[in-house]
Amino acid sequence: MREVSTTDGRLLAVEEWGVPDGTPVFYLHGSPMGRLARHPDDSVFTERGIRLITFDRPGFGGSTPRPGRRVVDGADDVAAVADALGLDRFAVYGVSGGGPHALAFAARHPDRVTRVASLAALAPRDAGGLDWTAGMMDGNIRSAAVALQDREAMAAHLGTNSSGPPQLPATEAAVLTRPEISAMLTAAYAEAVRPGIEGWVDDVMALFGSPWGFAPTTITVPVRLWHGELDPVVPVAHARWLGARIPTATLLVQPDAGHAGHFDATPATLDWLLNGDHTSSGE
């Protein structure tokens, strides 16, 4: 682990995977996860010559909390890590709660982005014309209601459910019970909440309760949106809303995939981020 200091005096905990001198790609984790979250098969990165960079969002793992943060605020944290590593331009992708943060970086720092991918990600809570909770699993519907209250209410809500990673519907079990994925998620969750649930609280407040702080319509770099048609965690309508509003976006909907299908969609996503044109079957 490496620690990076931000201009406002916070610390960000950073990890690197894959090829040390390879092509830099940032991965922005879901929630509640952290810097240990990524595709568990390292060969996915090494075979492509990728230097994968991950870091804990504020309050998770080894990163200093930042109460009240918005999605857009995460863009400057990506820039801080890139500056510390001496990186100018690079690709970025995010999964689930990390997707909006990847889009935020594209909107705020377009000169530093080659391509951006967002997998199984949320639309903004104030998305006009979108029934935001329609088709969502019950746990996320409850969190969405609490997020419209205040941070203290969210802390109490999540505090009663923090003994392990959130339970996802049985439809996700085929992917999540794979030994390598299960082991990675268990370790990533444990490290993410090791200092407490502050990062999780702030993530849910930012993603479920507040505007992002930027308009998706302002993104100018190439964007790839992937979503599973059967996703019960983040309904596919969120991706369709984003795809209709990001001018540079290509939307890929996989008919037979749920939320955790993003693991199987990662190799093709990486190929695209590296300017390849490979698309896996079913997308």
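Remember, it's a predicted structure, so these values are computed and weren't measured experimentally.

Parameters at a glance
Residues numbered from 1 in each chain as written. Predicted model: local features only at pLDDT ≥ 70, side-chain atom pairs only at ≥ 80, totals over all residues. Heavy atoms only, no water. Helix = DSSP H or I, 4+ residues; strand = E, 2+ residues; numbered from the N terminus. Rg over C-alpha atoms; globule rule 2.2 N^0.38 Å. Buried < 20%, exposed > 50% of the residue type's maximum accessible area, 1.4 Å probe, protein only. Contact = heavy atoms within 4.5 Å. Areas by Shrake-Rupley, 256 points an atom, 1.4 Å probe, with all protein chains shown as cover. Core = buried A, V, L, I, M, F, W, Y, C linked by side-chain atoms within 4.5 Å. Patch = residues over 30% accessible without salt bridge, like charges linked within 9 Å, V, L, I, M, F, W, Y side chains within 5 Å. Salt bridge = Lys/Arg side-chain N within 4 Å of Asp/Glu carboxyl O. Lys, Arg positive; Asp, Glu negative; His and termini not counted. Charge placed at Lys NZ, Arg CZ, Asp CG, Glu CD. Arc of directions from axis to C-beta. Polar contact = N/O pair within 3.5 Å; in protein donor to acceptor, adjacent residues only side chain to side chain. Pairing = 2+ DSSP bridges. Right-handed = clockwise from strand over helix to strand, strands pointing away. Axes fitted to C-alpha atoms, helices over the stretch in contact; angles between N-to-C directions.

**Q** What should I look at first to understand the overall build of the protein chain in this one?
**A** Scanning the protein chain for helices and strands turns up ten helices and eight strands. What you see for the protein chain is a C-alpha radius of gyration of 17 Å, in line with the 19 Å of a compact globule of 283 residues. Dimensions of the protein chain, computed from the C-alpha atoms along their principal axes, are close to 45 × 45 × 40 Å. Per-residue burial for the protein chain yields a buried fraction of 55% across its 283 residues. The long-range share in the protein chain, meaning contacts at least 24 apart out of those at least 6 apart in sequence, stands at 79%. Summing over all exposed atoms, the protein chain offers an accessible surface of approximately 11000 Å²; the carbon and sulfur share of this is 51%.

**Q** Please explain the nonpolar core as it appears in this structure.
**A** In summary, soluble globular proteins display a tendency toward joint burial of nonpolar side chains. Within the largest apolar cluster, 91 residues are counted, with the highest numbers of intra-cluster contacts made by Phe-26, Tyr-93 and Leu-103. A per-element tally of this core places helix H8 (residues 198-209) first, with seven residues.

**Q** Please clarify how a negative patch on the surface should be interpreted in this entry.
**A** Together, Asp-41, Asp-42, Glu-47 and Glu-180 make up a negatively charged patch on the protein surface. With respect to the element layout, Asp-41 can be found in the loop between strand E3 (23-28) and helix H1 (43-46). A residue is classified by how much of its surface remains accessible, and Asp-41, at 37% relative accessible area, is partly exposed.

**Q** Mind showing me how you'd approach helix H4 (residues 138-147) here?
**A** An α-helical segment advances 3.6 residues per turn. Residues three or four places apart therefore align on the same side. Within the span of H4, buried status applies to Asn-140, Ser-143, Ala-144, Val-146 and Ala-147. Considered in projection along H4, the buried side chains sweep an arc of 165° and stay on one side of the axis. Those residues of H4 that are exposed and angled more than 90 degrees off the buried face are Asp-138 and Arg-142. Looking at the packing, one finds that the buried side of H4 touches helix H5 (151-159) and H8.

**Q** Would you mind going over the side chain of His-227 with me for this structure?
**A** Note that His-227 resides in strand E7 (residues 223-228). Within the structure, His-227 has its side chain in polar contact with the side chain of Asp-231 (distance 3.2 Å).

**Q** So what exactly am I meant to see when it comes to the pairing of E7 here?
**A** On any regular strand, side chains alternate: one points to one face of the sheet, the next to the other face. In terms of burial, E7 is largely enclosed, as six of its six residues are buried. By the bridge criterion, four bridges tie strand E6 (residues 113-119) to E7 in an arrangement that is parallel. Counterpart to Leu-119 in the pairing with E7 is Trp-226. Here E7 pairs with strand E8 (residues 249-254) via six bridges, running parallel. Within E8, the position partnered with Val-223 by the bridge is Ala-249. Taken together, E7, helix H9 (residues 237-243) and E8 form a β-α-β motif whose crossover is right-handed.

**Q** So what exactly am I meant to see when it comes to the sheet that holds E6 here?
**A** Where strands meet in a sheet, backbone hydrogen bonds hold them as pairs that are either parallel or antiparallel. In space, the eight strands of this open sheet follow the order E1-E2-E4-E3-E5-E6-E7-E8, with mixed pairing throughout. For this open sheet the edge positions go to strand E1 (2-5) and E8, each flanked by a neighbour on one side alone. Shown here is a sheet whose adjacent strand axes are inclined to one another by a mean of 25°, direction ignored. Across four bridges, E1 lies against strand E2 (residues 11-18) in antiparallel orientation. Considered in E2, the bridge of Glu-3 is made with Ala-13. Along the sheet, helix H3 (residues 98-108) makes contact with E3, strand E5 (90-95), E6 and E7, crossing E5 at roughly 150°.

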